[in-house]
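# Summary of the model geometry
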Amino acid sequence: MLYILKRIVNSIFLSFGIATIVFFLLRILPSASFSDIYLNPRLSEDVLSRLKVAYGLDKPVLIQFLNWLKEILTGNLGFSFIYRKPVINCIGEAILFTLTIGIPALILSFGFGIFIGVQSARKRGKTVDRILNLSFLILYSIPSFWLGIVLILIFSYTLGIFPSSGLRSINFNEMNFFEKIFDMFMHIVLPSTTLSIAPMAAIARFTRNTMLNVLSQTYIKTAKAKGLDERTIFYRHALPNALIPVITLFGLYLPFFFAGSIVVEEIFSIPGIGKLMADSIFQRDYPLTVGITLFVSFIVIIGNLISDILYSIFDPRIRLK
Amino acid sequence: MKKQRQIIFVASFIIAYILISDFILPFDPFISPDKENLSSLPPFSIAYELNLKNGEKIVVLDYKFEDAFILYQQKFKAGRIEKEKIEKIKTFIFLLGTDNLGRDVLSRTIYGGKISLIIGVISALISFIIGTAIGAFAGYFGGIVDKILMRLTDVFLAFPKLFLILVVIAFTHTQTILSLILILSLLNWMGIARLIRAEFLKVKGMEFITVLESMGLPDLTIAVKHILPNAILPALISIPLITGDVILTESILSFLGFGIQPPIPTWGNMISEAEKNLLSTWWLPILPGILISGTVLMMNLISQPET
Amino acid sequence: MRINHLLLFFLLLTSLFFTSCRRAQKQNYIVIGSTIDIDSFNPYLSTSLFTQDLLDRVYLRLAIEQEDYRTFKPLLAKRWEWSKDSTQITFYLRNDVFWTDGVKTTAYDVEFSFKCATSPEVAWLNAEDITRNIEYVKALNETTLVVKYRYVYPYQLTDINDVWIVPKHIYEKIPFSEWRRNGYFDEKPVTNGPYKVARWERGQLIELVKNENYFDKSYPKIERVFVKIVPNEANLILQFLNGEIDVLPSIPPAVAEKYENSPDVKFIRYPFLAYEYIGWNQRNPIFADKKVRQALSYGINVDEIIKAILKGNAVRSTSPFPSIFWAHNEKLKPYPYDIEKARKLLHEAGWKDSDGDGILDKIINGKKVDFKFTLITNAENQTRKEIATAVQNDLAKLGIKMEIQVYEFNTFMRHILTKNFDAVISGWRVATKPDLTTVFHSEAIKSGHNFVSYSNPYFDRLNDSASVMNNLNNAKILWDKIQEIIYEDQPYTFLYEPVRISGISKRIKPETVKMNSISFLYNLHEWELK
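Owing to the predicted nature of the structure, the values given are computational and were not obtained by experimental measurement.

## A short note on the overall build of chain A
- Within chain A, the regular secondary structure consists of 12 helices and zero strands.
- Sequence-ordered secondary structure for chain A, helices as α and strands as β, is α-α-α-α-α-α-α-α-α-α-α-α.
- Sorting the 321 residues of chain A into buried and exposed places 56% on the buried side.
- Here the analysis covers contacts within chain A between residues at least 6 apart in sequence; of these, 71% occur between residues at least 24 apart.
- Working note: accessible area of chain A is about 14,300 Å², and carbon and sulfur atoms make up 68% of it.

## So, the interface of chain B and chain A
- At the junction of the two partners, chain B supplies 35 residues and chain A supplies 42 residues.
- Interface of chain B and chain A: buried area, both sides summed, is about 3,500 Å²; carbon and sulfur atoms make up 80% of it.
- Across the chain B-chain A interface, the total number found is zero salt bridges.
- Put simply, the parts of the chain that give the side of chain B that touches chain A at least two residues each are α4 (143–158), α5 (161–172), α10 (238–255), α11 (267–276) and α12 (286–303) of chain B.
- The element that contributes the greatest number of residues to the side of chain B that touches chain A is α5(B), accounting for seven residues.
- Tallied by class, residues from the side of chain B that touches chain A come to 25 nonpolar, eight polar and two charged.

## Focus on the UniProt feature "transmembrane region" (unreviewed entry) in chain A
Residue and element names in this part refer to chain A.
- Following the UniProt record, the feature "transmembrane region" (unreviewed entry) maps to residues 12–29, 94–116, 137–164, 184–204, 242–268 and 288–314 here.
- Taken end to end, residues 184–204 has its terminal C-alpha atoms 28 Å apart, with 100% of it in helix and 0% in strand.
- Taken end to end, residues 242–268 has its terminal C-alpha atoms 36 Å apart, with 85% of it in helix and 0% in strand.

## Looking at the UniProt feature "domain: ABC transmembrane type-1" (unreviewed entry) in chain A
- Following the UniProt record, the feature "domain: ABC transmembrane type-1" (unreviewed entry) maps to residues 95–307 of chain A here.
- A distance of 21 Å separates the end C-alpha atoms of residues 95–307 of chain A, which is 81% helix and 0% strand.

## So, the sheet that holds strand β5 (residues 78–82) of chain B
All names here are of chain B.
- Ordered in space as β3-β4-β5, the three strands form an open sheet in which the pairing is antiparallel. Each having just a single partner strand, β3 (62–66) and β5 make up the two edges of the open sheet. Mean inter-strand twist for the sheet, computed between neighbouring axes without regard to direction, equals 25°.
- Bridging between β3 and strand β4 (residues 69–73) involves five bridges; their strand directions are antiparallel. Looking at the pairing, Phe65 lines up with Ile70 of β4.

## Points about empty space enclosed by the protein
- Inspection of every chain in the model, using the stated rule, returns eight cavities of 30 Å³ or more.
- There is about 100 Å³ of room inside the second largest cavity.
- Around the second largest cavity sit 13 residues that line it, and Asp99(B), Arg103(B), Glu273(B), Gln382(C) and Glu386(C) are the ones nearest its centre.
- At four residues, helix α12 (residues 382–396) of chain C tops the list of elements feeding residues into the lining of the second largest cavity.
- Of the residues belonging to the lining of the second largest cavity, the class tally is three nonpolar, five polar and five charged.

## Quick look at the sheet that holds strand β1 (residues 45–52) of chain B
Residue and element names in this part refer to chain B.
- Sheet architecture is open: three strands sit in the order β2-β1-β6, paired in antiparallel fashion. Bordering the open sheet on either side are β2 (57–60) and β6 (86–94), each of which pairs with just one other strand. Averaged over all pairs of adjacent strands, the angle between their axes in this sheet comes to 20°, without regard to strand direction.
- Relative to β6, β1 runs antiparallel, the two sharing eight bridges. Its bridge partner lying in β6, Leu50 is registered against Ile89.

## Details of the nonpolar core
- Ile292(A) and Phe200(B) are the most contacted members of the largest nonpolar core, which has 137 residues in total.
- Counting 114 residues, the second largest nonpolar core, distinct from the first, contains Leu54(C), Tyr195(C), Trp200(C) and Ile268(C).

## Here's the deal with the packing of aromatic side chains
- Counted under the stated rule, the structure contains 55 aromatic pairs over all chains.
- Ring geometry for Phe240(C) and Phe267(C): centres 6.5 Å apart, planes at 55°, overall tilted. Of this pair, Phe240(C) sits in helix α7 (residues 233–242) while Phe267(C) sits in strand β12 (residues 265–271), and the two are 27 residues apart along the sequence. Judged on exposure class, the residue Phe240(C) and its partner Phe267(C) are both buried.
- Ring centres of Tyr335(C) and Tyr487(C) lie 4.9 Å apart, and the angle between their planes is 50°; this geometry places the pair in the tilted category. With a gap of 152 residues between them, Tyr335(C) in the loop between β14 (314–316) and α11 (339–348) and Tyr487(C) in helix α16 (residues 472–489) connect regions that are remote in the sequence.
- Residue classification places Tyr335(C) among the buried positions, given a relative accessible area of 7%.
- Three or more aromatic residues joined by ring pairs make a cluster, and in this case those are Tyr275(C), Tyr277(C), Phe421(C), Trp428(C), Phe440(C), Phe451(C), Tyr454(C), Phe459(C), Tyr492(C) and Phe494(C).
- Taking NZ or CZ as reference, Arg168(A) lies 5.3 Å from the ring centre of Phe172(A), over its face.
- In this arrangement the basic side chain of Arg80(B) is found over the ring face of Phe69(B), its NZ or CZ atom lying 4.2 Å from the centre.

## Notes on the pairing of strand β6 (residues 134–139) of chain C
Residue and element names in this part refer to chain C.
- Across five bridges, the pairing between β6 and strand β7 (residues 144–149) is antiparallel. Bridge pairing in β7 places Val137 opposite Val147.
- Following β6, the chain reverses through four residues before pairing antiparallel with β7.

## Re the environment of Gln392(C)
- Along the chain, Gln392(C) turns up in helix α12.
- For the pair Gln392(C) and Asn301(C), spaced 91 residues apart in the sequence, the C-alpha separation amounts to 11 Å.

## Side note on the UniProt feature "transmembrane region" (unreviewed entry) in chain B
Residues and elements named next belong to chain B.
- Under the feature "transmembrane region" (unreviewed entry), the UniProt entry names residues 7–27, 115–140, 152–171, 177–196, 235–260 and 280–302.
- Between the end C-alpha atoms of residues 115–140 the distance is 37 Å, and the span holds 100% helix and 0% strand.
- Note that residues 177–196 is 85% helix and 0% strand, and that its end C-alpha atoms are spaced 28 Å apart.

What counts, and at which threshold
- Residues numbered from 1 in each chain as written.
- Chains lettered and ligands numbered in written order.
- Predicted model: local features only at pLDDT ≥ 70, side-chain atom pairs only at ≥ 80, totals over all residues.
- Heavy atoms only, no water.
- Helix = DSSP H or I, 4+ residues; strand = E, 2+ residues; numbered from the N terminus.
- Buried < 20%, exposed > 50% of the residue type's maximum accessible area, 1.4 Å probe, protein only.
- Contact = heavy atoms within 4.5 Å.
- Areas by Shrake-Rupley, 256 points an atom, 1.4 Å probe, with all protein chains shown as cover.
- Buried area = accessible area lost by both parts, 1.4 Å probe.
- Salt bridge = Lys/Arg side-chain N within 4 Å of Asp/Glu carboxyl O.
- Nonpolar A, V, L, I, M, F, W, Y, C, P; charged D, E, K, R; others polar.
- UniProt positions renumbered as here; feature names shortened; annotations may be inferred.
- Pairing = 2+ DSSP bridges.
- Axes fitted to C-alpha atoms, helices over the stretch in contact; angles between N-to-C directions.
- 1 Å grid on protein atoms, 1.4 Å probe; cavity = no way out; pocket = protein on both sides within 12 Å on 5 of 7 lines; lining within 4 Å.
- Points joined across faces, edges and corners; volume = space filled by probe spheres on them.
- Core = buried A, V, L, I, M, F, W, Y, C linked by side-chain atoms within 4.5 Å.
- Phe/Tyr/Trp six-rings, centres within 6.5 Å; stacked < 30°, edge-to-face > 60°.
- Lys NZ or Arg CZ within 6 Å of the ring centre and 35° of its normal.

Next up, the structure:
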């Protein structure tokens, strides 16, 4: 328990360190002030410097850093230029959207990934295995934006089954409860599928390999020699052991689903963390960029921690030290 | 080993491709013979170039003979010209059509492949070198050096990669091939470093190293001459994997406006550009799309462990 | 079987969905599509054109700028009177305009709005002209407003009409210095236009509904307007073609060309007060010579660019005033594509291929310099990238080696503002009053947008007198002369004036729709559905 606490404190410091690096990186690197300066011939230097004062960018870097520290300690994580509210609020709003597509994608990729991995391990070397293996690799090799756009082209534009953007219909407020649930469901299908394909492929391959690994171990061979039924060996003895390393993947993939995907959120217009990230970079909203860095690296580190803990729970041989 | 033969085969194929691709281009990938008339032609289009005796060239989409004249058809106008003025007629075949600027898509795909592969391979090699160096240092010296270097690796691993690339490109104001290669390599070495370190620890524990150390050989000699060759082999396999990954990442960067910029084609920016012209010139992404996925697939297959 | 039950359940759900779909047939609403969200409902904090287009539907101005960009029709102001010496205008406001919270819109709101517009703490982007030209704005009573100018100049109405009128009783609650750090204005916008804001889901949807208390009861005709935000352009266009979106502000020429005869959508083309150009950085010794710049203008085939890349949707540009603008000099003809003339001019300027490497060279300051440079542009603009390639090909024929470097927008801006470039493809949106000071005046090299460092004292002198001249007819004579100077000097190679293509669904009666350079939603309240 103490160990876990120590790790958590450690991870907070680590992500804070990362954010500090990014903070200084953004200040040291030469960069244009704001994207506000759209080629507007009426905009003068005078207005620019006023803007800088309004955003507190006229002060020395060190003072800015101290201000930022103060913001962090008050839990605001800084103040976003473009949204005009504390960074933590921006993240809080965005994370809901990211989770709405992230959790189904997580379930989808682990569910299907493990299922397919197990099946192809059972049918190892047969045509089914080869086809599954290859088709997943192919899906994995397609750039995600292209996959998304093709799904939209097929399922929204041509067939008209699934809506292609946002998470709710325009007339959502006038719907009854069941319609609302169904409306959300239809909106989630395409982005979640797009998001889940790549990890699904990786999980399927990983499951298959660990499965084969386990199947080749002596205790399975012993079980076979005892004359146990093939099915029983497979599901009772091999599967639970093979799933241990697969479950640790959960922690490692956590950021993939919960830290938002810039590409998927951009294509399906979901105002989640990924979109927020992209906006903060494109519009040079320093506090937001740094805040998101802090948040995302924290999720990554927590994910790693979870995977370690899970591993220790499922595999008593490994003790946390 | 079968795997090694595969890798060598693929590597030599890539090198051969990079070397000969310039010589098998049917058209100039940068300059169209005629932007106006050849703009956005679908696949299997044919056009003709009438070379006049006075050196002029007219690009036409169709022509026919009539008495002493040649009647020709261009995109916006038709015309005719006396037969005897013409020296010869060249036929252009655009197997994969042309883009908005009238450039042959096939040639651009071939040329773009060269750039994509160069970026992928060089970046993977640099990552490999960085990863090996860091992994070797950490593994050989252990102790505090190991701790610091591994913590550094953790920090890099903890960063969301795409996000970091965007931040670095956005705030350094450079967007050239070289800077892109460097940034991508700086973000891909962590896996290799861990692998090499683990191998180092394994090899270091072996008997022959202890023997060498007792013979009083300097650290560097032992590390480079005796441990490295043993440790490096298992890590080699990640080079194709990184190559594929870099090629994919470049296409996503192009999609976000941060990749290699035109007029230099890469498979990545060709398909991301095609995404923007999806409804007008649907033929643009077909071959680059197949090739990019095929390459990544191949890279994944050869780095898959034998089962 | 369990699985069958599940299947049945799904079938049930699906049928439910399709029936609900049918019920949700399009009624009295339209959906506008956009790749970007608005940035604020506080007009003084917003920057994007799209935000301004939309805010103009919910906030009333004093008057409506007409499509000739010179005259105004009454809106919030019933009428106005000029003082004898023309330094003062008295506006008489309507008595029947109310904010959506029931408070009356009065002259005091306007007086307060002027304070907002000119406050240094608010740092409104368009504040400069107004601060410089208007001395004060004073409300005499609820309906009478006096605007006092520092001097007489032709665009007095334009300037005061630029001031957004905001509700004093709401906006004064937050001190100016806090404005940029406060989300208060976006929570429940209080407005007074034909539409009011029903909801704003950031990054997703804006819903505008009919303002029941709008003073003109016959408008708006369409009761609900949704703005759907879809950042990905391909997805946006697919939804437009699909009928999910009814109005799109801008459509790529190639798409418009392909779907021209579609039964469901209609494309509206209209000139846009803007022009695209290639700016030559005259700090670079290569471009310091006027003859070289002229040669480059002769050597670039702009007509071909318009035909091939823009599919004909553009007009050639000849001067910094677009051809639909009253100050434009019609006598100027675009530089024709003339490769021989370009070669001759380059030769006269001393550029020859002396070493036979196919690239022109010249001795500058005792050093042999090749005619080599880099053209930059921004990555978001597909058209500019294609133009860059076309220009590269054209100049290669003259023996000029041009590299292309494309940057992401902010990086691009950085290079421009620090004058760290050789040549740039960019564009200006033109203000509805003629003003070249910030772009070409030599004063603007240091602080302004004369980043090509163009300097011509004669131009400076004429420009200074033309911009304050009261009689527009006399001013026009000067402006014509000024444009001739620019035409001769070619600090830019003027490429084209874009024709904007907007799309509307055929559900909307096209004859009720007016779109122009002021806004693509110019008369949204008058649009009608079939």
